[in-house]
Amino acid sequence: MSPDKYIKNYIDGALVPALSTNYIDNVNPAIGQVYSHIPDSDTDDVQRAYEAAERAFPTWSKMGMQKRFRILARLADIIEQNLDDFAAAESIDSGKPFKTALSIDIPRAHQNIRFFATAILHFASESHHMEGEAVNFTLRQPIGIVGCISPWNLPLYLFTWKIAPALAAGNCVVAKPSEITPMTAYMLSKACIEAGLPNGVLNIVHGEGPKAGQAIIEHPKIKAISFTGGTNTGRKIAATAAPMFKKLSLELGGKNPNIIFADCDFDQMILTTLRSSFSNNGQICLCGSRIYVERPIYERFKEEFVKKTQLMKVGDPFSEVTDLGAISSKAHLEKIINCINLAEVEGGNMLCGSNEPLRMKGEYEQGYFLRPVVFEGLPIDCRTNQEEIFGPVVTITPFDTEEEVLAYANSTDYGLSATVWTKDISRAQRISESLQAGIVWVNCWLLRDLRTPFGGVKHSGVGREGGLEALRFFTEPKNVCIKY
Ligand code: NAD
């Protein structure tokens, strides 16, 4: 299963170009060059995808969950059997280290599909008995045709996280991956054909957000939208979809606090904090970019954390020793550099890293590389500490009391995740209760159980994905009351 130069849409079971036959360039960020092209789809392609999905819906939604399970399980197996090809494609498309795609992104993609293929077999609804009079039971039926739109940071991982529960629940889907990382979604289309997914059940339309993405949001008959991406895009999507009374799941940005108390397991905390700060170049919505450290260990933390950050290897995504690959795109690299410059203007002291791209030699000379950056000395309410950067940039700040650090942690508009490091279980519980976040990790980070609710509060989103929450989102509850 090898990547092609010209990516195609997947509509009605066939691989087809956009109706306009226009293409957009797809860049390999590690070498800074165009290496493939994606269909520049528009409203007409989305309409074609919708019509295919509409034709497929009666059969798919009624074929029974056992049959849907079998097809989806086969799809998961095909991805797993082609792990290396998928991982290499993901690495080339996004700039992330191959070893990350191989050990995290692609395994999680086939796990997502298998998880929801089996979850639907265990999905049950409620009944409410009115003694001696009637029984109510809740039918949970597929919604119909739904739209799924995903970002570039964890391309196949997040694409399948949406598509799998939608399909398992009996919906047909019109989906759009990010135009920055389309390749593994294209490979997924081929895997769907191989798995025998009936035509039109899943349709993948490639193209730009404001054009192909917006056409999905605006489509009058696409009844639910599951979106992961930036908060500003989420706001635009809500503005279009809410007045159309569409069901909406919005997984948006974050500016997550990492709270470190002096009684923590220091070595474990340092290793995990390096990961939570810089994994995938800090381009994970769950990365902890604001690090608050209790004063008695602040200096020790600073010295150790900066030393270890400086040792991180940036470069060749296919090298075993690489920790940080390329930033996903030139535009994103420039955005991160602007944020670093702003942090300096705001009075930040850069302890390591640089506001200049890292110039590699040879093949990667034109790639978008950056050394990880640590700032200290920034006010809590400055833009650097309030706005999402989504890059390898963190700030560190000392604190003295629980009350103070909670105020710092809850000071932003975001509320996706938070991490707490302490051996005091009562304190961990107190802090977890008071944090304004959808997910709290205590003494760990990114430890994921797919059954748990996933999502954010405040400007980090609306609704929850994961486990039964996702199956509830992708089904419409209908109460049936039978009097006896
Ligand atoms: P983005 O919002 O620019 O794009 C996300 C997707 O939306 C892409 O497929 C894009 O083409 C599409 N899109 C853009 N404009 C659109 C429009 N008007 N209508 C419909 N679709 C449109 O986000 P990004 O830069 O790809 O991803 C980074 C952001 O995603 C960060 O803010 C990050 O925090 C967030 N994110 C959140 C989660 C989460 O689970 N909460 C997970 C990963 C990433």
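Below, the discussion takes up the overall build of the protein chain. A count of helices and strands for the protein chain gives 15 helices and 22 strands. Here the C-alpha radius of gyration of the protein chain, 23 Å, is about what a compact globule of 484 residues would show, namely 23 Å. Seen along its three principal axes, the alpha-carbon backbone of the protein chain occupies a region of about 70 × 65 × 40 Å. Pairs at least 24 residues apart make up 75% of the contacts formed inside the protein chain by residues separated by at least 6 positions. Summed over its atoms, the accessible surface of the protein chain is roughly 19,400 Å², and 53% of this surface lies on carbon and sulfur atoms. If you average the places of the 49 positive and of the 55 negative side-chain charges in the protein chain, the two averages end up 5 Å apart.

Neighbouring residues of the ligand: 30 residues in total, closest S150, E179, T233, L252 and E388. Within the side chain of Q214, one N or O atom sits 3.0 Å away from a nitrogen atom of the ligand. The side chain of T233 places a nitrogen or oxygen atom 2.6 Å from an oxygen atom of the ligand. Here the ligand loses 90% of its free accessible area of 850 Å² to cover by the protein chains. Secondary structure elements with two or more residues in the shell around the ligand: α7 (209-218), β10 (224-228) and α8 (231-241). Here the shell around the ligand takes five residues from α7, the largest share from any one element. Here the shell around the ligand is composed, by residue class, of 14 nonpolar, 12 polar and four charged. Here the shell around the ligand spans two domains, since at least three of its residues come from each of domain 1 (9-252 + 460-483) and domain 2 (256-451).

The extent of an interface is frequently quoted as the accessible surface area lost upon association of the parts. Domain boundaries assigned for the protein chain yield domain 1 (9-252 + 460-483) and domain 2 (256-451). Tallying the contact residues gives 29 residues for domain 1 and 31 residues for domain 2. Between domain 1 and domain 2 lies a buried interface of about 2,400 Å² when both sides are counted; carbon and sulfur atoms form 60% of it. Looking at the side of domain 1 facing domain 2, the largest losses of area belong to K99, W152 and S460, adding up to 22% of the total buried there. Across the domain 1-domain 2 interface, the total number found is 11 residue pairs in polar contact (both at pLDDT 80 or more). Those elements that place two or more of their residues in the side of domain 1 that touches domain 2 are α3 (83-94) and α4 (98-122). Grouping the constituent residues of the side of domain 1 that touches domain 2 by class yields 14 nonpolar, 11 polar and four charged.

Our next topic: unusual backbone geometry. If you check the backbone angles, N280 has positive phi at about 55° while not being a glycine. Examined against the element boundaries, N280 turns out to sit in the loop between α9 (266-278) and β13 (288-294). A relative accessible area of 10% places N280 in the buried class. Its identity as a non-glycine residue notwithstanding, F390 has a phi of 65°, on the positive side.

So, about the pattern of salt bridges. For the structure on display, the rule yields 18 salt bridges. One salt bridge connects E465 with K162, and the closest N-O pair in it is separated by 2.7 Å. Placement of E465 in the loop between β21 (461-462) and α15 (467-473) and of K162 in helix α5 (residues 155-168) is noted, with a sequence separation of 303 residues between them. Residues E465 and K162 agree in their burial class; the two are buried. Of the charged contacts, one joins E402 and R430 as a salt bridge, the two residues approaching to 2.7 Å between their closest N and O atoms. Note that E402 is positioned in helix α13 (residues 402-409) and R430 in helix α14 (residues 425-434), a separation of 28 residues in sequence. With relative accessibility at 22%, the residue E402 sits in the partly exposed group.

On to the packing of aromatic side chains, then. Within the structure shown, the criterion is met by 12 aromatic pairs. Ring centres of F98 and F318 lie 5.3 Å apart, and the angle between their planes is 25°; on these two criteria the pair is classed as stacked. Within this pair, whereas F98 is found in helix α4, its partner F318 is found in the loop between α10 (298-310) and α11 (330-345), the two being separated by 220 residues in sequence. What makes F318 partly exposed here is its relative accessible area of 39%. For the ring pair F278 and F305, a centre distance of 6.0 Å and an interplane angle of 15° mean the geometry is stacked. Of this pair, F278 sits in helix α9 while F305 sits in helix α10, placing them 27 residues apart in sequence. Taking relative accessible area as the criterion, F305 reaches 0% and is therefore assigned buried. Each member of the aromatic cluster is reached from another via a ring pair, and the members are F115, F116, W161 and F454. The positively charged end of R300 is found above the aromatic ring belonging to F266, 3.6 Å away from the centroid. Directly above the ring of F261 sits R427, whose terminal nitrogen or CZ lies 4.0 Å from the centroid.

Criteria and cut-off values
- Residues numbered from 1 in each chain as written.
- Predicted model: local features only at pLDDT ≥ 70, side-chain atom pairs only at ≥ 80, totals over all residues.
- Heavy atoms only, no water.
- Helix = DSSP H or I, 4+ residues; strand = E, 2+ residues; numbered from the N terminus.
- Rg over C-alpha atoms; globule rule 2.2 N^0.38 Å.
- Contact = heavy atoms within 4.5 Å.
- Areas by Shrake-Rupley, 256 points an atom, 1.4 Å probe, with all protein chains shown as cover.
- Lys, Arg positive; Asp, Glu negative; His and termini not counted.
- Charge placed at Lys NZ, Arg CZ, Asp CG, Glu CD.
- Near = heavy atom within 4 Å.
- Polar contact = N/O pair within 3.5 Å; in protein donor to acceptor, adjacent residues only side chain to side chain.
- Nonpolar A, V, L, I, M, F, W, Y, C, P; charged D, E, K, R; others polar.
- Domains from an automatic or database assignment.
- Buried area = accessible area lost by both parts, 1.4 Å probe.
- Buried < 20%, exposed > 50% of the residue type's maximum accessible area, 1.4 Å probe, protein only.
- Salt bridge = Lys/Arg side-chain N within 4 Å of Asp/Glu carboxyl O.
- Phe/Tyr/Trp six-rings, centres within 6.5 Å; stacked < 30°, edge-to-face > 60°.
- Lys NZ or Arg CZ within 6 Å of the ring centre and 35° of its normal.

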